[in-house]
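Listed here are the chains, written in short residue letters.
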Amino acid sequence: MANKEGDRHTRQEHHGMKHEEKGHHGMNHDEQGHHSMNPDEHEHRNMNQEKHEHRPDSTVQQEPMEHGHEEHGSNGHHGHMVEDFKKRFYVSLVITIPILALSPMIQHFLGVDWRFTNDLYILFALSSIVFFYGGWPFLTGGIAELKDRNPGMMTLIALAITIAYSYSTLVVFGWDGNQLYWELATLVVIMLLGHWIEMRSIMGASNALEQLVKLMPSEAHKMDEQGDVHDVPLSTIRNGDRVLVKPGEKIPVDGVIIEGKSAIDESMLTGESIPVEKEEGSEVIGGSVNKEGSLVVMVEKTGEESYLSQVITMVKEAQESKSKTQDLTNRAAKWLFYLALGAGFATLGAWLALGYAFDIAIERMVTVMVIACPHALGLAAPLVVAVSTSISAKQGLLIRNRADFEGARNLDAVVFDKTGTLTKGEFGVTDIVPESGYTKDHVLELAAAIEQNSEHPIAAGIVSTAKEKGLPIGRVSEFGSISGKGIQGWVDGQKVNVVSPGYVNSQKLGFNRDVFNQLSEQGKTVVFVLVEDKLAGMIALADLVRDTAKEAVAALKAKGIHSIMLTGDNKKVADWVAAQLGIEEVYAEVLPDDKANQISKIKAKGWKVAMTGDGVNDAPALATADLGIAIGAGTDVAMETADVVLVKSNPNDVVALIDLSKKTYRKLVQNLWWATGYNIVAIPLAAGVLAPWGIVISPAVGAVFMSLSTIIVAINAKLLKA
């Protein structure tokens, strides 16, 4: 078990500097705020189940994970449903063509006569296939909605096609009246089309859990008592085993280093913006990446006890706790269902009360109830969704959850992760303070020449900044590291060092301490460049802020939406980034489980909250927020947990997303009015309110009304613009 003292030495720089000498050339452990995931330092508290209104029957019972082989079937099930609707649509469409041709009412409407002996029986057989095969999802869906005492679109469709089929079948086998099989068939086809379009436009159930599991390797290098290494399945690893982790490999388990030291990239797990130096006694987390040296790790946690498994549990609980609110279409369908029932039985009663024959009264009732289920309603939302999805894709917005996307129009706050979201997740030079006799560019050239052979993030930041400025990078010879002090080499015949503040202090070299302290207070990492053991200048580095982030924060503020920063990085760094962006509310040094809790606290104010992030550590918060927004350059886990993915990794797209949400919702409302508004005219006419004056709407005229409504809905959806 790693202790706190052991973990206090985790941030040694890549040349071996000790903690008090500040990391890669000067990073103080406490300043960087690394959270080592020590179980003594924080509790996962069973992932705070009480925060998620988690149902007892859905409690996660995880077996020790066989990483890479677990299957979560939600996404496959969604894909199967899309294919099922597609198949039913095409089969029903093909059968509907002869149904229309054989329907006497359609023939009369077209002015043709294609009648022949027993044609109605063929019509009955074809319509039965459409009713039972094409209409099956609506029949079963309607029953399910009624069992839940919450009728919606499925119930409305099921009511209309059941009445049309039952009445038409009675007519074919002797009842006086006009069969409505053509109405049944066209309604089923259009509704299948609408559902298919909708399901294709919306990505289905998240497979975030699969993506989390994929972070883990499927095998581990297990060491036996003799020190021999054997590759074994990860599922066979137990607490107390020793595993070898080679450079560049993912660490397969949670444990403690017992041999070796290295820089560990935990950014996708903890939010730590740079690799963390680890040595014997330091804790490591399964799923993080070993950057440099070989390590021997003593296994401490496997299966459901591991850090990653507990993150999986949090994501699962947060997803399950999301309220399944009905969308606009379902609410409209619910009221139309009650309207259809009420109007239908009122029509039947009125016609019987006026002394008309039962078959005439029934025909009026059937006409009213069938017309009350408008074809256009089935396309009103899916067509807008399809157009909106197309527009969003062109803008680099991938909408995965339509209901939550529509809710973006009502957001009160947008919570941003820092590393990789507001910042680029990579170091860059922010300040150069040259000594007398040197220029800023000269100091940077010297440092870049020394650092060009290193893969450390700070070295990469210095080199990339020099290249961006177009500076020449000289050749270095006799390159080497000074244990615990820094690196050195010869450039153009001069000895050049890039060292930590600890080395400068030990050599009693003078430097501008006020400037140094000011830079350090901003959370920046400061290194010193020496030429022939004399100070040439200081270079400060920090995680670079995205150019578009400041614009995004300003635009959100103009809309009255609060911007909040939530990060696992240390407070000084977070405050510095927030000051640059104009963000006033900052929560720093927040662990992944606390991120989800913090989102819940903000929601408790009654606010609608969006969370924007890119890492595994953001996944629970993304799932907990009203709207989860993933940065496209981030991890698969974040993207699979999110409701919307920003493909271009541009924070400004959060603003575009909110604007598109408002326009899409406005167009949805317009379409629903067009889809249902004709009922205001058609239902009273179908009921016969103008019958005393000889005006009674026929099913054929009703069909014209519905066709016009459907065409208007389609055109209106196409008018949606970015």
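Residues numbered from 1 in each chain as written. Predicted model: local features only at pLDDT ≥ 70, side-chain atom pairs only at ≥ 80, totals over all residues. Heavy atoms only, no water.

- For the protein chain, an unreviewed UniProt entry supplies the name P-type Cu(+) transporter and the organism Planococcus chinensis.
- Regarding the protein chain, the relevant UniProt record gives this comment under Sequence similarities (unreviewed entry): "Belongs to the cation transport ATPase (P-type) (TC 3.A.3) family. Type IB subfamily."
- Recorded in UniProt for the protein chain, the comment headed Subcellular location (unreviewed entry) runs: "Cell membrane". (UniProt positions renumbered as here; feature names shortened; annotations may be inferred.)

## Quick look at the overall build of the protein chain
- Along the protein chain, the regular secondary structure elements total 28 helices and 22 strands.
- Taken over 722 residues, the protein chain has a buried fraction of 57%.
- In the protein chain, the share of contacts with a sequence separation of at least 24, taken over all contacts with a separation of at least 6, comes to 71%.
- As presented, the protein chain carries roughly 30,100 Å² of accessible surface, and 54% of it is formed by carbon and sulfur atoms. (Helix = DSSP H or I, 4+ residues; strand = E, 2+ residues; numbered from the N terminus. Buried < 20%, exposed > 50% of the residue type's maximum accessible area, 1.4 Å probe, protein only. Contact = heavy atoms within 4.5 Å. Areas by Shrake-Rupley, 256 points an atom, 1.4 Å probe, with all protein chains shown as cover.)

## Considerations on the packing of helix α6 (residues 119-134) against helix α7 (residues 136-147)
- It is at 5 Å that the axes of α6 and α7 come closest, and there the two elements cross at 50°. Here α6 is positioned oblique relative to α7, judged by the angle of their axes. Across the interface between the two elements, F131, F132, Y133 and G134 from α6 touch W136, P137, F138 and L139 from α7.
- Of the residues belonging to the contact of α6 with α7, the class tally is seven nonpolar, one polar and no charged. (Axes fitted to C-alpha atoms, helices over the stretch in contact; angles between N-to-C directions. Parallel < 35°, antiparallel > 145°, perpendicular 65-115°, else oblique. Nonpolar A, V, L, I, M, F, W, Y, C, P; charged D, E, K, R; others polar.)

## Let's talk about the confidence of the model for the protein chain
- Per-residue confidence for the protein chain averages 78 on the pLDDT scale, and 79% of its residues sit at or above 70.
- When pLDDT is averaged over each element of the protein chain, α6 comes out on top at 95 and helix α3 (residues 45-48) at the bottom at 34.
- Below a pLDDT of 50 lies the segment residues 202-206, which in the model reaches 20 contacts outside its immediate sequence neighbourhood of four places, other chains included.
- This stretch, residues 322-326, has a pLDDT under 50; its non-local contacts, to residues over four places away or in other chains, come to nine contacts. (pLDDT = per-residue confidence, 0-100.)

## Concerning the pairing of strand β14 (residues 486-491)
- Pairing of strand β13 (residues 476-482) with β14 involves five bridges; the strand directions are antiparallel. In the sheet register, S481 faces β14, and the bridge partner there is I487.
- Bridge count for β14 against strand β15 (residues 494-499) is six bridges, and the pairing is antiparallel. Paired with W490 across the bridge in β15 is K495.
- Linking two consecutive strands that pair antiparallel, namely β14 and β15, is a turn of two residues; a positive phi of about 55° is found at D492 within it. (Pairing = 2+ DSSP bridges.)

## Some thoughts on the packing of helix α18 (residues 440-451) against helix α19 (residues 457-468)
- Put simply, α18 and α19 touch, their axes get as near as 9 Å, and they point 130° apart. The orientation of α18 relative to α19 falls into the category oblique. The interaxial crossing formed by α18 with α19 has left-handed handedness. Residues L444, A447, A448 and E451 of α18 touch α19, and the partners they reach there are A459, I462, V463, T465 and A466. (Left-handed = near helix turned anticlockwise from the far one by under 90°.)

## Observations regarding the UniProt feature "transmembrane region" (unreviewed entry) in the protein chain
- Taking the numbering used here, the UniProt-annotated feature "transmembrane region" (unreviewed entry) corresponds to residues 89-110, 122-144, 156-174, 180-197, 335-354, 366-393, 672-695 and 701-720.
- Secondary structure within residues 89-110 divides into 95% helix and 0% strand; the distance between the first and last C-alpha atoms comes to 25 Å.
- Summarising residues 122-144: 96% helix, 0% strand, and an end-to-end C-alpha distance of 32 Å.

## A closer look at the environment of F116
- Examined against the element boundaries, F116 turns out to sit in the loop between α5 (104-110) and α6.
- The partly exposed category is assigned to F116, whose relative accessible area is 39%.
- Counting along the chain gives 14 residues from F116 to L102, while the straight-line C-alpha distance between them is 9.2 Å.
- Discounting residues that sit within four places of it in the chain, F116 has contacts with L102 and I122.

## Quick notes on the packing of aromatic side chains
- Tallied over the full model, the rule gives 18 aromatic pairs.
- Geometrically, the ring pair formed by F124 and F173 is edge-to-face, given 5.2 Å between the ring centres and 85° between the ring planes. Highlighted residues: F124 in helix α6 and F173 in the loop between α8 (153-172) and α9 (181-201), separated in sequence by 49 residues.
- A cation over an aromatic ring shows up here: R88 above the ring of Y133, its NZ or CZ 4.8 Å from the ring centre.
- Over the aromatic face of Y665 sits the side chain of R409, whose NZ or CZ is 3.3 Å from the ring centroid. (Phe/Tyr/Trp six-rings, centres within 6.5 Å; stacked < 30°, edge-to-face > 60°. Lys NZ or Arg CZ within 6 Å of the ring centre and 35° of its normal.)

## Topic: the side chain of E363
- Here E363 shows up in helix α14 (residues 358-371).
- R364 is the oppositely charged side chain nearest to the buried, salt-bridge-free E363, at an N-O distance of 4.9 Å.
- Beyond its immediate sequence surroundings of up to four residues, E363 is in contact with Y167 and N178. (Lys, Arg positive; Asp, Glu negative; His and termini not counted. Salt bridge = Lys/Arg side-chain N within 4 Å of Asp/Glu carboxyl O.)

## Digging into the pattern of salt bridges
- Tallying each qualifying case throughout the model produces twelve salt bridges.
- Note that R115 is salt-bridged to D119, the shortest N-O span being 2.5 Å.
- We classify R115 as partly exposed; its relative accessible area is 43%.

## Considerations on the pairing of strand β21 (residues 627-631)
- Counting buried positions over the five residues of β21 gives five, a clear majority of the element.
- Burial along β21 is two-sided: L627, I629 and I631 facing one way and G628 and A630 facing the other are all buried.
- Once you follow strand β20 (residues 609-613) into helix α25 (residues 619-624) and on to β21, the crossover reads as right-handed.
- The pairing of β21 with strand β22 (residues 644-646) spans three bridges and is parallel. Across the sheet, residue A630 finds its bridge partner in β22, namely V645. (Right-handed = clockwise from strand over helix to strand, strands pointing away.)

## Looking at α7
- Look at α7: 17 Å from first C-alpha to last across twelve residues, which is about the 16 Å you get at 1.5 Å a residue.
- Within the span of α7, buried status applies to P137, F138, L139, G141, G142 and E145.
- Just downstream of α7, R149 is the residue with a positive phi angle, here 55°. (Expected span 1.5 Å × (residues − 1).)

## Quick look at the sheet that holds strand β16 (residues 525-531)
- Overall, antiparallel pairing links the six strands, which are arranged β12-β17-β16-β15-β14-β13 in an open sheet. Every interior strand has two partners, whereas the edge strands, β12 (423-434) and β13, have only one. Pairs of neighbouring strands in the sheet enclose a mean axial angle of 20°, with direction left out of account.
- Sheet topology places β16 next to strand β17 (residues 534-545); seven bridges connect them, and they run antiparallel. Looking at β17, one finds that T525 is bridged to L541.
- Packing against the sheet, helix α21 (residues 513-521) makes contact with β12, β16 and β17, and its axis sits at approximately 145° to β16.

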